Amino acid sequence: MAEGKKKLRIGLFFGGRSGEHEVSLASAKSVMENLDKDKFEVVPIGITKEGSWLLGVDPVRLLAAEQDVTPDANLEQTTAVTLTGDPTLRRLIPVQGGEPLGSSGSIDVLFPVMHGTSYVGCGVLGSALGMDKEKMKMVFQSVGLPIVDYVVYRRNEWERSLETIMDAIEQRFGYPCFVKPVNLGSSVGVSKAHSREELEHAINVAAEYDRKIIIERAIDCREVECAVLGNDEPIASVVGEVISSNEFYDYRAKYIDNKSQTIIPANIPQATAEEVRRQSVQAFLALDLSGLARVDFFIEKQTGKVYINEVNTMPGFTQISMYPKLWQASGVSYPELLERLIELALERHADRQRNRTTL
Ligand SMILES: Nc1ncnc2c1ncn2[C@@H]1O[C@H](COP(=O)(O)OP(=O)(O)O)[C@@H](O)[C@H]1O
Ligand SMILES: [Mg+2]
């Protein structure tokens, strides 16, 4: 960026009222460390588990405060805010107790490093579809992407007719089968059920997290992931494999035991890798995403068949997360990746501004 040009102010959001709160804080820490300080000024906005927005809080401090017995001590220097649009500046500005903190505090680009429910990143539709495993599959199916057979129940339906529902699941999938809350990620509330007893427990667990529960046929599979970057002409990275340290890639295997491995590029036939990359771009466009997404697949061990599992519109973003590592292996460094994402956000915004808003 040219000398003397104003730095772009990046509103970095993280935390939030989500089962993936801690995951978001870890990602935000990496993003903060890697944004080019010569080009960008970071305005950190941490969202507590209670939903308060704190301006100026550091993700590491927020985590420390939350784990502390005297939680407020670490957060004294922060300001509780909300954001509002500034109609003259066409920008977002932080507001405290109804008083704007001044246009000097305005934000040029929002960078939400959030996982889980209630937040936008890929645009409203794309983010919503990316969170709802049922609607996502419906869209995949409509464009001919291969999905795993599934069924969805509502929580109150489940509570009324446990036995009938379990009979139906046993008939359709047998064991093992997978049970998940429809709207969540990071494997929170996901179980592999091997018996009727486990199935009942698994559905009860999933029903604690969401009002919709999805049950899927279990695939005996390898798991591969592909990173997509772009807006209207997205590109796909090399493909990486995840080797889980547990029976499946659960929360523990993802974030706690540190024993899961990633292999980049995945050691799979070239034709399979090409298929995965092609489907990744197709899924990105089908869900109307923008900026970034990580697309996850199962490759059935016995047949080599590829199934699309899900799209993550705000994938894990620490430096050792799959998404940045896939780009690294494809020739895009972490700081370059952040810069590209900001460019893409501005590009998409400019494109939206072209829409006519009067009759
Ligand atoms: N149908 C399935 N067959 C085999 N493994 C599955 C299936 N569904 C989920 N899994 C396992 O559970 C993990 C988490 O499920 P996933 O649908 O990716 O949920 P999340 O959005 O929480 O990541 C997957 O990475 C995989 O290891
Ligand atoms: Mg997943």
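Notes on the structure in this doc start here. Remember, it's a predicted structure, so these values are computed and weren't measured experimentally.

Notes on the overall build of the protein chain
Then step 1. When helices and strands are counted, the protein chain shows eleven helices and 17 strands.
Then step 2. A sequence separation of at least 24 residues applies to 65% of the contacts in the protein chain between residues at least 6 apart.
Then step 3. About 17,500 Å² of surface is accessible on the protein chain, with carbon and sulfur atoms providing 49% of the total.

Things to note about helix α10 (residues 322-329)
Then step 1. Listing the buried residues of α10 in full gives Met322, Tyr323, Pro324, Leu326 and Trp327.
Then step 2. Next to the buried residues of α10 lie β13 (221-230), β14 (235-243), β15 (261-263), β16 (291-300) and α11 (334-353).
Then step 3. Where α10 ends, the next residue or the one after it, Gly331, has phi of about 95°, a positive value.

So, the nonpolar core
Then step 1. Core analysis: the largest hydrophobic core is formed by 36 residues, its most contacted members being Val31, Phe111 and Phe317.
Then step 2. Element by element, the count of residues in this core is highest for α11, at six residues.
Then step 3. Setting aside anything within four residues of it in sequence, one finds Phe317 in contact with Ser27, Ser30, Val31, Leu292, Tyr323, Pro324, Tyr334, Leu337, Leu338 and Leu341.
Then step 4. One finds Cys226, Ala273, Leu289 and Ile299 within the second-largest nonpolar core, a separate group that totals 31 residues.

Scoring rules and cut-offs
- Each chain carries its own residue numbering, running from 1 in the direction its sequence is written.
- The lettering of chains begins at A and the numbering of ligands begins at 1, in the order of writing.
- Residues qualify for local features only when their pLDDT is at least 70, as the model is predicted, and side-chain atom pairs are given and counted only at 80 or more; totals for whole chains, interfaces and linings, by contrast, use all residues.
- Side-chain numbers come from the whole structure's heavy atoms, not from hydrogens or water.
- Helix and strand labels come from DSSP, where a helix needs a run of H or I of at least four residues and a strand needs a run of E of at least two; each type is numbered from the N terminus.
- The criterion used for residue contact is that any of the two residues' heavy atoms lie within 4.5 Å.
- Only the protein chains shown count as cover for residues, and all accessible areas are computed by the Shrake-Rupley method using a 1.4 Å probe.
- Think of it in three bands: residues with accessible area under 20% of the maximum for their type are buried, residues over 50% are exposed, and the middle band is partly exposed, with areas taken using a 1.4 Å probe on protein chains only.
- For the purposes of this section, nonpolar cores are sets of buried Ala, Val, Leu, Ile, Met, Phe, Trp, Tyr and Cys residues that join through side-chain atoms within 4.5 Å.

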